[in-house]
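A look at the structure
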Amino acid sequence: MPPRLVGHQGSLAGQQFPIGTTAVTLGRNNENSIAISGGNVSRFHAEVRREGHGFVLYDRGSSNGTRVNGTRVTSHELQPGDLIEIGTETFRFEAADALETILDLSVLRPLATPEKAPAAGPVLRVTISGGGPVGLSFALLLEDLMGPRVAITVYDGRWTRDGAKVVWMSEGQGNVRRQQVVTVQSRQYLNLPEEVQERLFRGDAFSEMWPVGPDSIRDRNPRNMRIAYIEDTLLEMANEKPDRIQLIPAAFDPVEYEETAAEGHVLAICEGGRSRTREHFADKFGNADTSIYSLRGQHIQDVVLGLRVKSTLTDPMTVLLTVAQNRFLLNSLRGEGFLNMRLTDAEAAEVVGIDPVRHVFEECIASRPCVMGRDDHGDFQCSTHSTLFLPAMVRGSALWKRVLEGLALFGVAERDLSAVTAFRLDMVQRPRFTTRLHPATATTPGTYGFLLGDAANAIHFWPGRGLNSGLGSAISLARSLNGAWRGRPFRDADFARHEAAMSMLQYRHKSRAWNTMITTDENGVSRAIKEKIAQSIEETEGTEGKDGKDLDRTADIEAFLQRMGEIRARLAPRVPGMPDDATLRNHLETLGSATLRTLLDSGAWDTLIVGGEEVDIDIFYRQDAQATSTARKSSATS
């Protein structure tokens, strides 16, 4: 008879549940191996997994805890006869002898509890909603800093189980992975644990396309990487730390969390710009203000069309073309990446899908957003909603013609455009990023909530700004928690430095984003860049402008060459291999006259305005870092 859980008390008394190589899960949700009804039971409460040659019970961040033989545990290596209490149900772990618990009979070891290291004091219980790059980086950094003093539970509905591991769902399971390339600054990646850096920067997983700049420390270049690769690597590492990081393949439920007044100390909200958890706790964090990012009373929003492409141009050529205009931005890894196209309001209204069966329009690509990959017929189809990208299907579509001109600008053949997506950029000012969700009581420790990543600051589409801001927020909070945790309820004062760091991140990154959305004309009047593009399109696509008859093409090429020459002079010392004038001229000659004029009218990236001093999280925590370093040296020599 295999090892098993046997109902001991409660409604499941007498029922037997064998334990094999697949984890046995317990909780209120019917998807669990053992579904438990009744109060005080979380949707995904606990699980039993085979580890090594035995079985380990893990509490999955439940609100009311899991007890073994009357003692509350976060993890426990099961011994025959152990009684497991979940809500009003009690289960007994049964195995006739040691051999029934050992599945690998080639190595025998007794089931006696091994000697454990002395307790490291009270354990900080941290819940993370959202397991993207920011949430997982925060978990790994906090585990690295605090070791056995912390127990972390991470929730994400885009995960599933594959045996004993948690993995990302596939596209067939409804999860379209993000293949965008982002630029991670050395100010952020050098502050991650060394083991994280070693795993991320292996082989050809990254490139150094952009030059060293104000956000570079130790003269280390920014590094281009795919978001999906970052997510895969971080999740793989988190799977390797089950004693301190529990991964729950389910969406976090803020209603349940609040109703049960969970006994966790920290809730870190890392779900992204449309965070359901943040909105649930809106009264705690305060309402966002749109007026700061408004012109003449209208909130400025940008809509970006993302085009997954493969460019034939060199990285230096790509950098130069990107910085020289404000319409298109290519961020790639050895030529493969996303070409982001800033849309006018009229163009944004055209970003719709059409259901080929029901012949109705759908806004899935604009409002979800969805990724539409090219199918066998050459159409761009949404795998979730089965819609087709309308602009690519309409003969004579003005938007699609401009898309093709953008491809030509960056040396992309139409066949090398493999997918389209879109995303909306709604910048708002957040009043605070830290709040007390639940006060401490006689039975609960008090819970603090934190906004991290895009849940705190959704940033403009300059590649990686959102991720870099998110990593900065995760680094700051991990250091604050490590320094403040003393086993007592937290106070607002414990997070003064973190809140200051978050406010600095918000100001710096959003001021930069604002200056890439807004420009000032020759009369000193502020205008949205998308409005300048719209005006240029209107002026160049008149009856004569369509043929370029009223456009001085030669003058436009010369003006563009002069602009790129000035930019090249600034970048050449930091970006070797810049193209010469003849190469640039030949390339510009391939573009349509209307496109050339619009690129000129959009203006160059104002690197002077958006450059300058960056937010240095270290300034808030240098004293803590020195104390930690001293403590480690003292421990090593004692």
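Everything numeric here is computed off the predicted structure, so don't read it as measured data.

**Section: the packing of aromatic side chains**
Applying the stated rule across the entire model yields 16 aromatic pairs. Between Y448 and F495 the ring centres are 5.3 Å apart and the planes differ by 50°, which places this aromatic pair in the tilted class. Residue Y448 is found in strand β32 (residues 447-451), and its partner F495 is found in the loop between α14 (465-484) and α15 (496-515); the two are separated by 47 residues along the sequence. Judged on exposure class, the residue Y448 and its partner F495 are both buried. Among the aromatic side chains, those forming a connected cluster through ring pairs are Y448, F450, W485, F490 and F495. The residue whose ring lies beneath R223 is F201, and the NZ or CZ to ring-centre distance is 4.5 Å. A cation over a ring is seen here: R563 above F560, with NZ or CZ 5.8 Å from the ring centre.

**Some words on unusual backbone geometry**
Despite not being glycine, N69 has its phi angle at roughly 55°, a positive value. We classify N69 as partly exposed; its relative accessible area is 45%. Unlike most non-glycine residues, S386 shows phi in positive territory, near 60°. Relative to the helices and strands, S386 resides in the loop between β28 (380-382) and β29 (388-389).

**Examining the pattern of salt bridges**
Enumeration according to the criterion identifies 25 salt bridges in this entry. Notably, a salt bridge pairs D156 with R158, separated by 2.8 Å at the nearest N-O pair. According to the relative accessible area criterion, D156 is buried, its value standing at 5%. Between R223 and E208 there is a salt bridge whose closest N-O contact spans 3.1 Å. Here R223 is found in strand β17 (residues 223-226), whereas its partner E208 is found in the loop between α4 (194-200) and β17, with 15 residues between them in sequence.

**So, the packing of α14 against α15**
Where α14 meets α15, the axes come as close as 9 Å, and the angle between the chain directions of the two elements is 170°. Classified by the angle between their axes, α14 and α15 sit roughly antiparallel to one another. Counting all contacts with α14, which are made through R465, S469, G472, S473, S476, L477 and S480, the residues of α15 involved are H498, A501, M502, L505, H509 and R512. Within the contact of α14 with α15, the residues separate by chemical class into four nonpolar, seven polar and two charged.

**Details of the sheet that holds β32**
Taken together, the six strands give an open sheet; going across it, the order is β18-β13-β12-β19-β32-β31, and neighbouring strands pair in mixed fashion. This sheet does not close on itself; its edge strands, each paired only once, are β18 (245-248) and β31 (434-438). With direction set aside, neighbouring strand axes in the sheet form an average angle of 20°. In this structure, strand β12 (residues 124-129) lies alongside strand β13 (residues 150-155), joined through six bridges in parallel fashion. Residue L124 lies in a different strand from β13, and its bridge partner there is V150.

Rules and cut-offs
Residues numbered from 1 in each chain as written. Predicted model: local features only at pLDDT ≥ 70, side-chain atom pairs only at ≥ 80, totals over all residues. Heavy atoms only, no water. Phe/Tyr/Trp six-rings, centres within 6.5 Å; stacked < 30°, edge-to-face > 60°. Helix = DSSP H or I, 4+ residues; strand = E, 2+ residues; numbered from the N terminus. Buried < 20%, exposed > 50% of the residue type's maximum accessible area, 1.4 Å probe, protein only. Lys NZ or Arg CZ within 6 Å of the ring centre and 35° of its normal. Salt bridge = Lys/Arg side-chain N within 4 Å of Asp/Glu carboxyl O. Axes fitted to C-alpha atoms, helices over the stretch in contact; angles between N-to-C directions. Parallel < 35°, antiparallel > 145°, perpendicular 65-115°, else oblique. Contact = heavy atoms within 4.5 Å. Nonpolar A, V, L, I, M, F, W, Y, C, P; charged D, E, K, R; others polar. Pairing = 2+ DSSP bridges.

Bear in mind that shape data such as this cannot, by itself, settle questions of function.
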